[in-house]
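Overview (structure and organization)
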Amino acid sequence: MRNNFAPVALNTDRFPIALGRIQEAMAQFVLILNDTNHDVEISTHLTGATFSSSWDESDLNMTLHYGGPKVFSSINGGTWTSSMKVILNDLKITSIIGRSKGVRTVVGRESTILTDVVTVTHPIHKSPISVKYEKPEGAFMHPNHSTMLKALNWMLTTISSLSSSSKTKMNLLEMYCGFGAHTVVLSKASVFDRVVAIEMDKRLVEYAEKNILLNDMQGRAFVFKDDAKNVARQGVAKYFAKKIENPIDFDVLLVDPPRSGLDKSVCSLACQGKFKYVIYVSCGKEALARDLTLLKNSFIVRDMCVTDLFPRTTSVETLVCLERRK
């Protein structure tokens, strides 16, 4: 594996960071590749294998990447497909995807969408909240189930605490929402009146909209396709003037940017806007420290949480709740 881009030997045939089902499939697939009697069609031009699983481990996809021309079809005499059917059954994999220079084929379940159900606890009622998700193949998603649940429960508890001091129900503006991992939970828990989310990846926007419908949150959660910095440069009021029928004031800004952190325009928006609170989800420690420096004149740290994103590495996920200075 890699830690800060440097290769690190784990000295084990397992990948302990991954979910159990991925660990088992990886170990068995390595055994197949190391078997001198394995079908050479499996390994010829193979450059890598990617495993993705639903958080509840009900679905498991394996994608095999090939750097050279590949005959996937048995029509032309290839044995790849028949070998994959055996592996699919032996390793209990949902779908195996073969990719080679613009060619894609699937063995197993044709739909490679990962389906999931995540259950969190309502911070006040202590009742379980079950959220259904559909996640597209190959798209970015939170890789660690346990830290994801910890982050979601921390958010719910923290936001519930903020809501208790507000006379009216608050509204949330979320940036970098992905397929709606936070969007849907925060809507379904009813900790906000309305949740409005921004995401620039067209495919993730489509799945965020699907997940809102899947959980009957239409009318309470909304997703728009755009770049966060474009929204920031226009300003919230101007940007949403023609997008939302009854413009609203946002009390909380939730940001979950890539490792590189926030664009300066988003930091400026947070400082100059009407937000009472900012919740910052970060997987890049250095970028977080830089951005907090830009925000410190307008906000103080109210609470924070650190989760072990990738055990055995220096990677952590940090969640920070900022409160506007009086």
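An account of the accompanying structure is given in this report. Quick caveat, the model's predicted, so the values are computed rather than measured. (Residues numbered from 1 in each chain as written. Predicted model: local features only at pLDDT ≥ 70, side-chain atom pairs only at ≥ 80, totals over all residues. Heavy atoms only, no water.)

Things to note about helix α5 (residues 181-188)
We count it as follows: The buried label goes to any residue with under 20% of its type's maximum accessible area, the exposed label to any with over 50%, and the partly exposed label to all in between, with areas taken from a 1.4 Å probe on protein chains only. The numbering of helices and of strands both runs from the N terminus, where a helix is a DSSP run of H or I of at least 4 residues and a strand a run of E of at least 2.
Taken across its eight residues, α5 has seven buried, putting it largely inside the fold. Here α5 has its buried residues at Ala181, His182, Thr183, Val184, Val185, Leu186 and Ser187. Immediately beyond the C-terminal end of α5, within one or two residues, lies Ser190, with a positive phi of roughly 60°.

Describing helix α1 (residues 20-34)
Keep this limit in mind: By definition here, a helix of n residues has an expected span of 1.5 Å times n minus one. Here a residue-residue contact requires only that any non-hydrogen atoms of the pair lie within 4.5 Å.
Look at α1: 21 Å from first C-alpha to last across 15 residues, which is about the 21 Å you get at 1.5 Å a residue. Within the sequence span of α1, burial applies to Ile22, Gln23, Ala25, Ala27 and Phe29. Tucked inside the fold, the buried residues of α1 contact α2 (40-43), β3 (46-53), β4 (60-66) and α3 (80-90).

Quick look at the sheet that holds strand β5 (residues 95-100)
Put simply, the rule is: The pairing criterion for strands is at least two bridges between them, as found by DSSP. Helix axes are fitted only over the stretch in contact, all axes being lines through C-alpha atoms; the angle between N-to-C directions runs from 0 to 180 degrees.
Spatial strand order, β3-β4-β5-β6: four strands in an open sheet with mixed pairing. Two strands in the sheet have a free side with no partner beyond their single neighbour: β3 and β6 (103-108). Shown here is a sheet whose adjacent strand axes are inclined to one another by a mean of 15°, direction ignored. In the sheet, β5 pairs with β6 via six bridges, with the strands oriented antiparallel. The partner of Ile97 across the bridge, within β6, is Val106. Docked against the sheet, α1 engages β3 and β4, running at close to 155° with respect to β3. Of the strands in this sheet, β4, β5 and β6 touch α3, which is tilted by about 40° from β6.

Observations concerning the nonpolar core
Quick reminder of the rule: Nonpolar core, defined: a set of buried Ala, Val, Leu, Ile, Met, Phe, Trp, Tyr and Cys residues in which side-chain atoms within 4.5 Å join the residues together.
Among the nonpolar cores identified, the biggest contains 47 residues, and Val120, Tyr133, Met155, Ile159, Phe179, Leu186 and Phe192 are the most heavily contacted of them. Not counting residues up to four positions away in its chain, the partners in contact with Ile159 are Met170, Leu186, Val191, Phe192 and Ile279. The next biggest cluster of nonpolar side chains, apart from the first, holds 31 residues, and it includes Val196, Val236, Val266 and Phe275.

What about unusual backbone geometry?
The phi dihedral of His45 falls on the positive side, at around 70°, and the residue is not glycine. Given the relative accessible area of 41%, His45 is considered partly exposed.

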